[in-house]
Amino acid sequence: MSGDSRYWTRVRVRAWSLGTDHCSGVPDFYSDCCDEHDIAYRTGATVDGETLTRAEADARFRRCIQSRSWLGWFSPMALWRWAGVRLGGGSSWQGGT
């Protein structure tokens, strides 16, 4: 994950090309994090092509939200959303790993 604006532009463009729905039925707070997560779920990789497991994709998602929350590591939203994708995201994983 990067703080580089060019990285996040690439994430948005790739997510758009994959037909992302951003934050899947919840408010689009942290939509860049959701887009990055959608890329991983659809491709099994980061936007840069690094292979990810589902657990790694979910952990990156949690860390992304934590890095943007003023509560940091203690962000309840990061934990809720991470738990949501861990518990309910299995059928959406298309990454193959």
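Residue positions are given per chain, counted from 1 along the sequence in the order it is written. Per-residue local features are limited, in this predicted model, to residues with pLDDT of at least 70; the limit for side-chain atom pairs, both in listing and counting, is 80 or more; totals at the level of whole chains, interfaces and linings are taken over all residues. Hydrogens are left out, water is left out, and the side-chain values use all remaining heavy atoms of the structure.

### As for the overall build of the protein
- From N to C terminus, the protein includes four helices and zero strands.
- Starting at the N terminus and ending at the C terminus, the protein contains elements arranged as α-α-α-α.
- To get the radius of gyration, use the C-alpha atoms; to get the globule rule, take the number of residues to the power 0.38 and multiply by 2.2 Å. Taken over the C-alpha trace, the protein has a radius of gyration of 12 Å; the compact-globule value for 97 residues is 13 Å, and the two agree within 12%.
- By principal-axis analysis of the C-alpha atoms, the protein measures approximately 30 × 30 × 25 Å.
- Burial classes follow relative accessibility: with a 1.4 Å probe on protein chains only, a residue under 20% of its type's maximum area counts as buried, one over 50% as exposed, and anything between as partly exposed. Going through the 97 residues of the protein one by one, you find that 40% of them count as buried.
- Whether two residues are in contact is decided by their heavy atoms, any of which lying within 4.5 Å being enough. A separation threshold of at least 6 residues defines the contact pool for the protein, and within that pool the share at least 24 residues apart is 57%. Under the DSSP-based scheme used, a helix requires at least four consecutive residues in state H or I and a strand at least two consecutive residues in state E, with every element numbered from the N terminus.

### As for empty space enclosed by the protein
- Note on definitions: the grid is 1 Å and covers protein atoms alone; a cavity is a set of points where a 1.4 Å probe fits but cannot get out; a pocket is an open set with protein on both sides within 12 Å along at least five of seven lines; lining residues have an atom within 4 Å of a point. Grid points are joined across faces, edges and corners, and a volume is the space filled by probe spheres set on the points. Applying the stated criterion to the full structure yields one cavity of 30 Å³ or more.
- The computed volume of the largest cavity comes to approximately 60 Å³.
- In this structure, the largest cavity is lined by E36, H37, I39, A40, A45, T46, V47, L52, A57, R60 and F61.
- Among the elements of the structure, α2 (31–43) and α3 (54–68) are those that each provide at least two residues to the lining of the largest cavity.
- Take the lining of the largest cavity: its biggest share by element is four residues, from α2.
- Classes in brief: Ala, Val, Leu, Ile, Met, Phe, Trp, Tyr, Cys and Pro nonpolar; Asp, Glu, Lys and Arg charged; the others, Gly included, polar. Taken together, the residues of the lining of the largest cavity sort by class into seven nonpolar, two polar and two charged.

### Re α3
- By definition here, a helix of n residues has an expected span of 1.5 Å times n minus one. Between its terminal C-alpha atoms α3 stretches 22 Å, which fits the 21 Å expected from 15 residues at 1.5 Å a residue.
- For α3, the secondary structure elements touched by its buried residues are α1 (5–17), α2 and α4 (76–88).

### Side note on unusual backbone geometry
- Despite not being glycine, H22 has its phi angle at roughly 60°, a positive value.
- When you line up the elements, H22 lands in the loop between α1 and α2.
- Phi at Y30 takes a positive value of approximately 65°, unusual for a residue other than glycine.
- Here Y30 is to be found in the loop between α1 and α2.
- Using a relative accessible area of 21% as the deciding quantity, one classes Y30 as partly exposed.

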